[in-house]
Amino acid sequence: GENVEQHPSTLSVQEGDSAVIKCTYSDSASNYFPWYKQELGKRPQLIIDIRSNVGEKKDQRIAVTLNKTAKHFSLHITETQPEDSAVYFCAASSTGANSKLTFGKGITLSVRP
Amino acid sequence: KAGVTQTPRYLIKTRGQQVTLSCSPISGHRSVSWYQQTPGQGLQFLFEYFSETQRNKGNFPGRFSGRQFSNSRSEMNVSTLELGDSALYLCASSGPGQGAGELFFGEGSRLTVL
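Since we're looking at a predicted model, the values are computed, not measured.

(A) Structural context of the nonpolar core. With 24 residues, the main nonpolar core has Trp35, Phe73, Tyr88 and Leu109 of chain A as its most contacted residues. Every element with two or more residues in this core is listed here: strand S2 (10-14), strand S3 (19-25), strand S4 (32-38), strand S5 (45-51), strand S7 (62-67), strand S8 (72-77), strand S9 (86-92) and strand S11 (107-112) of chain A. Core analysis: the second largest hydrophobic core is formed by 21 residues, Leu21, Val32, Phe64 and Leu111 of chain B among them.

Now the structure itself:
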């Protein structure tokens, strides 16, 4: 089955700096890659996703890049703010009817004011 | 539009007991997935139901089971509870179609096993 790994497990940046979170996956059949943000004590929420027919996708201060050959994808956050502090989960799945979303273990991002 | 609702939010059980958790998906969503969240282990997939059928199952022992009703509401049951079952159990719904798409999570049921 699919195996998704996130690196590093924790990341601390200064407010205003950029943060990059990387994930690798194992199943070459995976073609859907979402990122979820979970603030302390709250539910995970989708912040951005990318499908394999696209190499990069942006939404304001966040972007995701995908390298299918190397089987890795990354989340980029620019101009970080304290409210970006949260746990970020990457995930991967195929898009068939029986697809299963496999999550990484999460990375804790801390933005220092 | 109401979000995903999970009950109960908190519960405490002792080893050997069993527990049933409930999840009401967003109206119109037919897929419900369950995840176990523990510190350092992220979100581990338990199972997914679509139109009352289990479509996928994770690598959990048979003590973990679930079902889905005709109104798409889902329940999961854990029998013979162990200390290691202490976790936040999250349910998520998606839809209305099949295949990969955004998951909408509930706030979770936090289970403590003593």
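Having seen it, we continue.
(B) Looking closely at unusual backbone geometry. Following His7 of chain A, the chain continues to Pro8 of chain A via a peptide bond in cis, the omega torsion being -10 degrees. Inspection of the secondary structure puts Pro8 of chain A in the loop between strand S1 (4-7) and S2. The amide bond that connects Thr7 of chain B to the next residue, Pro8 of chain B, takes the cis arrangement and shows omega of -10 degrees. Within the secondary structure, Pro8 of chain B is located in the loop between strand S1 (5-7) and strand S2 (10-13). With phi around 50 degrees, Ser51 of chain B is a residue other than glycine that occupies positive phi space. Structurally, the position occupied by Ser51 of chain B is in the loop between strand S5 (42-50) and strand S6 (53-57). Located in the positive-phi region is Ser72 of chain B, a residue other than glycine, with phi close to 75 degrees. Within the fold, Ser72 of chain B resides in the loop between strand S7 (64-68) and strand S8 (74-78).

(C) Representation of the pairing of S6 of chain B in the model. Residue and element names in this part refer to chain B. Sheet topology places S5 next to S6; 4 bridges connect them, and they run antiparallel. What sits directly across from Phe47, in S6, is Lys57. Where S5 folds back onto S6 in an antiparallel hairpin, the turn is made up of 2 residues, including Ser51, whose phi is positive at roughly 50 degrees.

Conventions adopted
Residues numbered from 1 in each chain as written. Chains lettered and ligands numbered in written order. Predicted model: local features only at pLDDT ≥ 70, side-chain atom pairs only at ≥ 80, totals over all residues. Heavy atoms only, no water. Core = buried A, V, L, I, M, F, W, Y, C linked by side-chain atoms within 4.5 Å. Buried < 20%, exposed > 50% of the residue type's maximum accessible area, 1.4 Å probe, protein only. Helix = DSSP H or I, 4+ residues; strand = E, 2+ residues; numbered from the N terminus. Pairing = 2+ DSSP bridges.

All we've got here are geometric facts, nothing functional implied.
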